[in-house]
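Below, each chain spelled out in residue letters.
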Amino acid sequence: MALSVKGLKVKIGNKEVLGEVSLTVASGEVVALMGPNGSGKSTLAFSLMGHPSYEITEGNVDLDGKDITMATPDERGRAGLFLAVQYPVSIPGVSVREALLASLRARGELVSALELKKRIEAEAKELVIDEELLKRSLNEGFSGGEKKKMEILQMRILSPKYAVLDETDSGLDIDALKIVATGAAFMAKKKKTGILVITHYQRLLKYLKPDRVLVMKQGRIAKEGGLELVVELEKSGYKQYE
Amino acid sequence: MRLDQDTVKTLSETYQLGHRDEIKYAYRSERGLTEKLVADLSARKNEPLWMREYRLKAFAVYNKMPMPNFGGDLSPIKWSEIFYYLKPTEKAGKTWEDVPDAIRKTFEKIGVPQAEREMLGGAKVQYDSEVIYGSLRKNLAAKGVVFLGMDEGLAQYPELVKQYFGTIVPVGDNKLAALNSAVWSGGSFIYVPKGVEVGLPLQAYFRINAENAGQFERTLIIADEGSKVHYVEGCSAPAYSSGSLHAAVVEIIVKKGARVQYTTVQNWYRNVYNLVTKRAWVEEEGEMRWIDGNLGSRLTMKYPCCVLAGRRARGETLSIAMAGSGQHQDAGAKMIHLAAETTSQIISKSISKNGGRATYRGMVKINKGAKGARSKVVCDALILDSRSRSDTYPTNIILENDVTLEHEATVSKVGEEQLFYLMSRGLPEHEAEAMIVNGFLEPVMKQIPLEYAVEMNRLVELEMEGSVG
Amino acid sequence: MKKQAVVIMAEPGKKELVVNFDKKGGEEEVLALILADQPGDYYLKILVDHKVGNTFGRVMVRGVAKNGARVRVEGMIKIDKGANGVDDFLEMRLLLLDDKSQAVAEPKLEIETNEVKASHAATVGKIDEEQVFYLTSRGITGKEAERLIVDGFLNQVVDKIEDRKVASKVGRIRL
């Protein structure tokens, strides 16, 4: 059981931004995707989720044997893929509860509003999210850290098969970072969620240990390895990948 | 930027004495406007028949049209007493001291020969703009760029003028445009060939003669595909107009991929009614930028407009308006989106003080079919005291749904905390206030070429100090 | 004590509202909703006139248009000479849900004194594609996501209604 990407080529408008990316994330596996700014990490994340601005010109994306290459974002979501975005957009007038209720019902899960409310509150407590934020418009006026934690909260409630975390660590203080990492690690271990964690720094990976590490360069995967790759990057930086 | 003593002296004396050039007029029409006068005017200029007929048609339209029913109070204008045509015998001489710094610096850039410079700097008492103008023309001619007075443009390039004249601002556009179409005189004619970039701002000042400071200037700028040009109208030197009406028309054609910037830094004397129609037609991927500095005058009505006719055309109007005692600045911008993916931006900064009135009047229209069009309007007004007034009258007409329009406006006074902060750092109150006002204007100021920005800043400082009435 | 005026336009026509501040210390909020889903002209005109100072005003307009509706909103904040210490903000936001709808937004100001805090904001456009992507990526269908966004957009006004009775009458908007 895996999320498998084969020979993916993506363009935005007339410009090719990903030139043949292949990777797999197995159930319960944590794969780290690193690289300098502009190497295509976020592009890959959005492409996997089917963002309309990104056009897949070649290759395919497979989730547990189901071809989702041409699927719409909601079809991918219901198939079990989750994307925690780098810059969560605010949805005025829609609380996190309403959004999650709609998501669960969309995939046929009959959960009562009250039951969901309780589950959300429990998660919020574990993630140290102020209860006030649960009632407000999703992401509106939230700090960077609060937005990222809210993404993890939604991931925990939706319990996806595979999750892509796009620079979820950026802008977080050390306490929030630990919470986010632990939350994700829990999902991988107990719920067997396959996680593709995209990060620029190795800080997060101290608390969310990857099984494999991939490094991107100019729209392609340039190197693959284990934890030692992280140590190397910490020492010599991204110069050779620019 | 500290004002140097000489500049301050010149400017204040100019205003206090009601300075005007000593000009002998070879011909001065009778007051008021008649069909005969229009025909005579055309004959005197030796214009082609089509232009004479154009003027006469415009005169007929002018008579039929009503005055604009918005904006400022035009009732004090005595239409029948205006001299509609003045032609001097001699060019208005200026001494080297009168030439603003911005112009002087530019002489170096355009490579005025050393000998000429010395001549101008020392021995020559009268500054003759023809010398400078001649050098510049040689420079431009080598690239195929045409930069003439509008009268000369009509005489030397009649076909080109006929093709575009009146196509962007037609005779019946509004009453003042009709008037201008009938009695226009002076102004600039510019043509920039395909792919040519004019590195230096072209300035009307170089063509100084009485007609340039005239009331009914007509300017036509044609920027052919891929070209780039920056035109600067006016200069900070106080512009006294014996006629108290300035009704100009500016038409600009920005062809595919061309970029045009039109900067106005003008400071009309307090009696002037400054009513101008400025419009640019922008084709595919073209860019038009109006930078409009409105200081002085008794009433200004000016709404630089961009018609975004081609895909991905872009229009910007950045405007500064300052209204002091007895003044009404009714200014703004118009953006018309006809094609897809067009973008526009309007930034308006206005200041009113001593009972002045600053009005923003703008329109953004996005037509059906202009998919992906985006427009952003920001108008900020600073009211410096309790006697002054600020208005905002925007109209946003959106006929297409796949667009984004954002509009914001804020009215405020100089913040007490800001004043306190600066004063606590040793600045006297009026300096602190001037600094804050400068900061307020900065987003627009920074788009004005450095030399002119410095001049603008000086003017604003002067206005702030109140040494100009 | 803050007063609230709630205006709902659900039929083509013209609605005009004038708020006069003639007593110091006055506080009033105007909440307006336009649900334009029929072909025709919907015209909402609001005038807030601060004749005296130390008054507080807020105007919040949210409108959605579809099916050939043409919405026009004109909102004017007027602050008279000598009316010092006024605090006012006018906001109008219009969503065009299909290519048959149109809007005209005219947020106006006439301010005759400088001891004020006055501003306005207007936006017109279609539903933000990034918001749609965000929600659909969570499994919600495109249509459902749009419904959530539009409801949320309108509910921002409804949530501000303080009178329980009026609020429940307006109810949670379900378009």
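Each value, and the rule that gives it
Residues numbered from 1 in each chain as written. Chains lettered and ligands numbered in written order. Predicted model: local features only at pLDDT ≥ 70, side-chain atom pairs only at ≥ 80, totals over all residues. Helix = DSSP H or I, 4+ residues; strand = E, 2+ residues; numbered from the N terminus. Rg over C-alpha atoms; globule rule 2.2 N^0.38 Å. Buried ≥ 20, exposed ≤ 12 C-beta atoms within 10 Å, placed from the backbone. Contact = placed C-beta atoms within 7 Å. Nonpolar A, V, L, I, M, F, W, Y, C, P; charged D, E, K, R; others polar. pLDDT = per-residue confidence, 0-100. Core = buried A, V, L, I, M, F, W, Y, C linked by C-beta atoms within 7 Å. Domains from an automatic or database assignment. Expected span 1.5 Å × (residues − 1). Bend = angle between axes of the 7 residues up to and from the residue. Pairing = 2+ DSSP bridges. Axes fitted to C-alpha atoms, helices over the stretch in contact; angles between N-to-C directions. Parallel < 35°, antiparallel > 145°, perpendicular 65-115°, else oblique. Left-handed = near helix turned anticlockwise from the far one by under 90°.

### Some remarks on the overall build of chain A
Counting its secondary structure elements, chain A contains 8 helices and 10 strands. In terms of overall dimensions, chain A is globule-like: its C-alpha atoms have a radius of gyration of 17 Å, near the 18 Å expected for 242 residues. Dimensions of chain A, computed from the C-alpha atoms along their principal axes, are close to 50 × 40 × 30 Å. Expressed as a percentage of the 242 residues in chain A, the buried residues total 43%. When contacts within chain A are restricted to residue pairs at least 6 apart in sequence, long-range pairs at least 24 apart make up 70% of them.

### Topic: the overall build of chain B
Check the secondary structure of chain B and you find 12 helices and 23 strands. A buried classification covers 49% of the 469 residues belonging to chain B. For chain B, long-range pairs separated by at least 24 residues make up 85% of all intrachain contacts whose partners lie at least 6 apart in sequence.

### Focus on the interface of chain C and chain A
Every contact between the two is made by 21 residues of chain C and, on the other side, 24 residues of chain A. Broken down by secondary-structure element, the contributors of at least two residues to the side of chain C that touches chain A are α1 (129-136) and α2 (142-158) of chain C. Per-element accounting of the side of chain C that touches chain A gives the leading share, 9 residues, to α2(C). A breakdown of the residues in the side of chain C that touches chain A according to their chemical character gives 7 nonpolar, 9 polar and 5 charged.

### What about the confidence of the model for chain A?
Reading fine detail from the predicted coordinates is not recommended where pLDDT is low. In the predicted model, chain A carries a mean pLDDT of 92, and the fraction of residues at 70 or more is 100%. The least confident element of chain A is helix α8 (residues 227-236) of chain A, whose mean pLDDT is 87; the most confident is strand β8 (residues 194-198) of chain A, at 96.

### Focus: the environment of Met435(B)
All names here are of chain B. Checked against the element boundaries, Met435 lands in helix α11 (residues 429-445). A C-alpha to C-alpha distance of 20 Å links Met435 and Ala358, two positions 77 residues apart in sequence. Residues in contact with Met435, not counting those within four places in the same chain, are Leu422 and Leu427.

### Regarding the nonpolar core
Judged by nonpolar contacts, the single largest core of 231 residues is most densely connected at Val197(A), Ile190(B), Val254(B), Val260(B) and Leu94(C). Inspection of this core shows a minimum of three residues originating in each of domain 1 (23-414) and domain 2 (415-469) of chain B. Contacts of Val260(B), omitting those with residues within four sequence positions, involve Ile221(B), Ala223(B), Val229(B), Ile252(B), Val254(B), Ala280(B) and Met288(B).

### Comments concerning the domain arrangement of chain B
Residue and element names in this part refer to chain B. The domain architecture assigned to chain B consists of domain 1 (23-414) and domain 2 (415-469). Contact residues are listed per partner, giving 25 residues for domain 1 and 22 residues for domain 2. Elements with a minimum of two residues in the side of domain 1 that touches domain 2: α4 (101-109), β12 (259-268), β14 (287-296), β17 (314-323) and β19 (343-352). With 4 residues, β17 is the single largest residue contributor to the side of domain 1 that touches domain 2. Each residue belonging to the side of domain 1 that touches domain 2 can be placed in one class, and the counts come to 14 nonpolar, 7 polar and 4 charged.

### Here we look at α11(B)
Residue and element names in this part refer to chain B. For α11, with 17 residues, the first-to-last C-alpha span of 23 Å sits near the 24 Å given by 1.5 Å per residue. The largest bend in α11 comes to about 35°, at Gly439, with the proline Pro443 one to four residues further on. Buried within α11 we find Ala432, Ala434, Val437, Phe440, Leu441, Val444 and Met445.

### Re the pairing of strand β21 (residues 374-383) of chain B
Residues and elements named next belong to chain B. Here β21 lies mainly inside the structure; 7 of its 10 residues are buried. Inspection of the sheet shows β19 paired to β21 by 10 bridges, in the parallel sense. What sits directly across from Ser352, in β21, is Ile383. Bridge count between β21 and strand β23 (residues 404-412): 9 bridges; the pairing is parallel. By the bridge assignment, Arg374 is partnered in β23 with Thr404.

### Concerning the sheet that holds strand β9 (residues 212-217) of chain A
Residues and elements named next belong to chain A. Across the sheet, which stays open at both edges, the 6 strands sit in the order β6-β7-β8-β3-β9-β10 with mixed pairing between neighbours. In this open sheet, the two edge strands, each paired with only one partner strand, are β6 (81-84) and β10 (220-225). Strand-to-strand twist across the sheet, computed as the mean angle between neighbouring axes with direction ignored, equals 20°. Note: β9 against β10, 5 bridges, orientation antiparallel. Each residue of the ladder has a partner; that of Met216, found in β10, is Ile221. Relative to β8, helix α7 (residues 174-191) is tilted by about 150°, and along the sheet it contacts β3 (30-34), β7 (162-166) and β8.

### Some thoughts on the interface of chain B and chain C
Counting residues at the interface gives 28 residues for chain B and 28 residues for chain C. When residues of the side of chain B that touches chain C are assigned to their parent elements, the largest contribution, 10 residues, is made by strand β22 (residues 389-398) of chain B. Residues that form the side of chain B that touches chain C fall into these classes: 11 nonpolar, 10 polar and 7 charged.

### Some details on the sheet that holds strand β1 (residues 2-12) of chain A
All names here are of chain A. Read from one edge to the other, the open sheet built from 4 strands follows the order β2-β1-β4-β5, with strand pairing classed as antiparallel. Looking at which strands have only one partner, the edges of the open sheet turn out to be β2 (15-26) and β5 (66-67). Pairing of β1 with strand β4 (residues 55-63) involves 7 bridges; the strand directions are antiparallel. Bridge pairing links Val10 to Ile56 in β4. Across the sheet, helix α1 (residues 41-49) touches β1, β2 and β4, and the angle it forms with β2 is around 70°.

### A short note on the packing of α1(C) against α2(C)
Residue and element names in this part refer to chain C. At their nearest, the axes of α1 and α2 sit 9 Å apart, and the two run at 120° to each other. With respect to each other, α1 and α2 are oriented oblique. α1 and α2 meet at a crossing whose hand is right-handed. Where α1 approaches α2, its residues Gln131, Val132, Leu135 and Thr136 are matched on the opposing element by Gly142, Ala145, Glu146, Leu148 and Ile149.

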